Amino acid sequence: MGSSMDDLRPFREHLEGTISRGRSMGDNGSAEEKSLSGDPWGQLGDDMLVYILARLPLSPLKACKQVCKRWQAVTNTPEFDILHKQLGEQQPRLVCYRTNHLVRSKSQAFAYDEESRTWVTLPPMQFPSHNHGSLAGASGLVYAIAGPGDNKLTYKLTRSPSSPSSFLETWCKTPVMGFARHAPVVSVALGTGRTGSGHKVVVAGGVPDYEPDHMAVEVFDSETGAWEVYDPLPDEFSGSSSRLWMSGVVCDNKLYMSLIHSWTIYVLDFSTRKWAPVRLQRPRGLIYHHIMAINGTLVVAGLCEQSGGKAVNVWKLNSQTHSLIQVGSMSGEVFASLGFSLNFLVNENLLFVFRAYIKDGARVVGEVSLEDCTTEWRVLPSVSSLGYRFDTMVTFCTNINISP
């Protein structure tokens, strides 16, 4: 069998009928097994059955557990969980981690499952110690800054599959940074180094305590395990070097930084270690913007004032003509659910948009096709009413594996 879920389409179509019959019969012991014995699925050995079921997404897998005792038994083992993490269809997920400052044990995490389009409650997840307000998500990683001087960075790459139970185990602790900072822009470059298996974490700007904001740029190399200081941010960023006013992303071995309100964009080439201005025509009616990357292409998403009212537009950078091409737009009822002060997160081809500084605001997901220049938007179910009361919420994207 190949690695694509399309290889299992005949099995999945037959599986749907088997699941339907299993549900209608209920759990009737030997009569149930006898009824399924004439089915082709009943002729499969346990090893082959486990291999097929382990490749299913979460929602169909939950239904499979209700078909019969045999299917429930083969999917309720630690070995199956391991195989499902290896073979199961990995999907980009939006995770909302809600903190309760009074009772830490009531802090909860929820992941949005794209297959079933519902929020799934995750098992308790322990995050590393961090300073107040420093736990944050970015495209490709989630990170925390700790220490009395705001100079210790701990992070986790979120694009590699993991389980909630192993979430804490895979956090990376870095040496002390050369510059203490609060609320910097953090991004990650994957596939670096001579073997292509390394990564680099970039920390730019930030606001130190009791000092003027600084423009320092530091890069942590996973292969050397050390920080390296690069040229600071250009002078145009002076006075606005917090992530509240800046946006940044690593794309094609370059760090792009922008001031979200002024359309000031610079790029740092890691190979030459030099900053250079990016001269792009500002889109008409643009109020503010964020820059990000989708599959190696620089993407701009921003709030615009148009003839029909405000809307969120998405553009991609044409690297040959050095111009922006509009990919899609969000307006109407979907946009009306959000408001005007927005944050953006991207994971693969999914663009998540949500209210900034509002812990219980709406969330929207857009499927972005850069090739076809199309976007499809929909409002996510509310996560605010789930679980316990909470004080703050941290949102990030990850391919975390969810066991049924």
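Refer to the structure above for everything that follows.
A few points on the structure. Nothing here was measured: the structure is a model prediction, and the numbers come from that model.

1. Here's the deal with unusual backbone geometry
- Positive phi is not limited to glycine here, since asparagine 295 has a value of about 50°.
- Along the chain, asparagine 295 falls in the loop between β16 (286-294) and β17 (297-306).
- Phi angles above zero are rare outside glycine, and cysteine 373 is one such case at about 55°.
- The residue cysteine 373 is located in the loop between β22 (363-369) and β23 (374-379) in this model.

2. As for the state of the cysteines
- Taken as a whole and judged by the stated rule, the model has 0 disulfides.
- Cysteine cysteine 397 is unpaired, with the sulfur of cysteine 96 as its nearest cysteine sulfur at 9.4 Å.

3. Structural notes on the nonpolar core
- In this structure, Met330, Phe344, Leu351 and Val353 are the most contacted members of the largest nonpolar core, which totals 21 residues.
- Secondary-structure elements contributing two or more residues to this core are β16, β17, β18 (309-318), β19 (323-330), β20 (342-347), β21 (350-355) and β22.
- Beyond its immediate stretch of four places on either side in the chain, leucine 351 contacts Met292, Ala301, Val314, Phe344, Leu345, Val346, Val364, Val365, Gly366, Val368 and Trp377.
- Ranked by size, the runner-up nonpolar core spans 19 residues in total, among them Val185, Met246, Leu255 and Phe270.

4. Regarding the sheet that holds β21
- Spatially, β20-β21-β22-β23 is the arrangement adopted by the 4 strands of the open sheet, whose pairing is antiparallel. Each edge of the sheet is formed by a strand with only one pairing partner; in this case those strands are β20 and β23. With direction set aside, neighbouring strand axes in the sheet form an average angle of 20°.
- Of the pairings in the sheet, the one linking β21 to β22 comprises 5 bridges and is antiparallel in character. Paired with leucine 351 across the strands is glycine 366, a residue of β22.

5. Observations concerning the sheet that holds strand β5 (residues 141-146)
- As summarised here, the arrangement of the 4 strands in space is β4-β5-β6-β7, forming an open sheet in which the pairing is antiparallel. Two strands lie at the open edges of the sheet, namely β4 (136-138) and β7 (172-173), each paired on one side alone.
- Bridge count for β5 against strand β6 (residues 152-157) is 6 bridges, and the pairing is antiparallel. Within β6, the residue paired with alanine 144 across the bridge is threonine 154.

6. Brief notes about helix α3 (residues 46-53)
- All of the buried residues along α3 are Leu49, Val50, Ile52 and Leu53. Viewed end-on, α3 has its buried residues packed into an arc of 165°, placing them on one side of the element.

7. Section: the packing of aromatic side chains
- Under the defined criterion, the tally for this structure stands at 5 aromatic pairs.
- With 6.2 Å between their ring centres and 65° between their planes, tyrosine 155 and phenylalanine 220 make a pair best called edge-to-face. One end of the pair, tyrosine 155, is in strand β6; the other, phenylalanine 220, is in strand β10 (residues 217-221), and 65 residues separate them in sequence.
- For phenylalanine 220, a relative accessible area of 6% puts it in the buried group.

8. Quick notes on the environment of arginine 282
- On the secondary structure map, arginine 282 appears in the loop between β15 (274-277) and β16.
- Arginine 282 gets classed as partly exposed once you look at its relative accessible area, which sits at 32%.
- Each C-alpha atom, one on arginine 282 and one on leucine 324, is 9.0 Å from the other, the two residues being 42 residues apart in sequence.
- Not counting residues up to four positions away in its chain, the partners in contact with arginine 282 are His261, Ser262, Trp263 and Ile287.
- Separated by 3.3 Å, the side chain of arginine 282 and the backbone oxygen of histidine 261 make a polar contact.
- Here the side chain of arginine 282 touches leucine 286 through a polar contact of 3.0 Å, landing on its backbone oxygen.

Procedures and definitions
Every residue gets a number counted from 1 within its own chain, in the order that chain's sequence is written. Local features in a predicted model are, by the rule used here, given only for residues with pLDDT of at least 70; side-chain atom pairs are given and counted only at 80 or more, and totals for whole chains, interfaces and linings are based on all residues. Side-chain measures here rest on the full set of heavy atoms in the structure, leaving out hydrogens and waters. Secondary structure elements follow DSSP: runs of H or I of four or more residues count as helices, runs of E of two or more count as strands, with numbering from the N terminus. The criterion for a disulfide is a pair of cysteine sulfur atoms lying within 2.5 Å. Buried residues of nine kinds, namely Ala, Val, Leu, Ile, Met, Phe, Trp, Tyr and Cys, make up a nonpolar core once their side-chain atoms join them within 4.5 Å. Buried, partly exposed and exposed residues are distinguished by accessible area as a fraction of the type maximum, computed with a 1.4 Å probe on protein chains only: under 20%, between the cut-offs, and over 50%, respectively. Contacts are residue-level and defined by heavy atoms, with any inter-residue pair within 4.5 Å sufficient. Any two strands are treated as partners once DSSP identifies two or more bridges connecting them. Lines fitted to C-alpha atoms define the axes, with helix axes restricted to the stretch in contact, and inter-axis angles between N-to-C directions lie between 0 and 180 degrees. Directions are taken from the helix axis to each C-beta atom, and the arc is the one they span. In this analysis, rings of Phe, Tyr and Trp, with Trp reduced to its six-membered ring, are considered paired at centre separations within 6.5 Å, and the interplanar angle assigns stacked below 30 degrees, edge-to-face beyond 60, and tilted for intermediate values. Identification of polar contacts relies on pairs of N or O atoms within 3.5 Å, with a donor-acceptor requirement for protein atoms, meaning one able to donate a hydrogen and the other able to accept it, and with residues adjacent in sequence counted only if both atoms are side-chain atoms.

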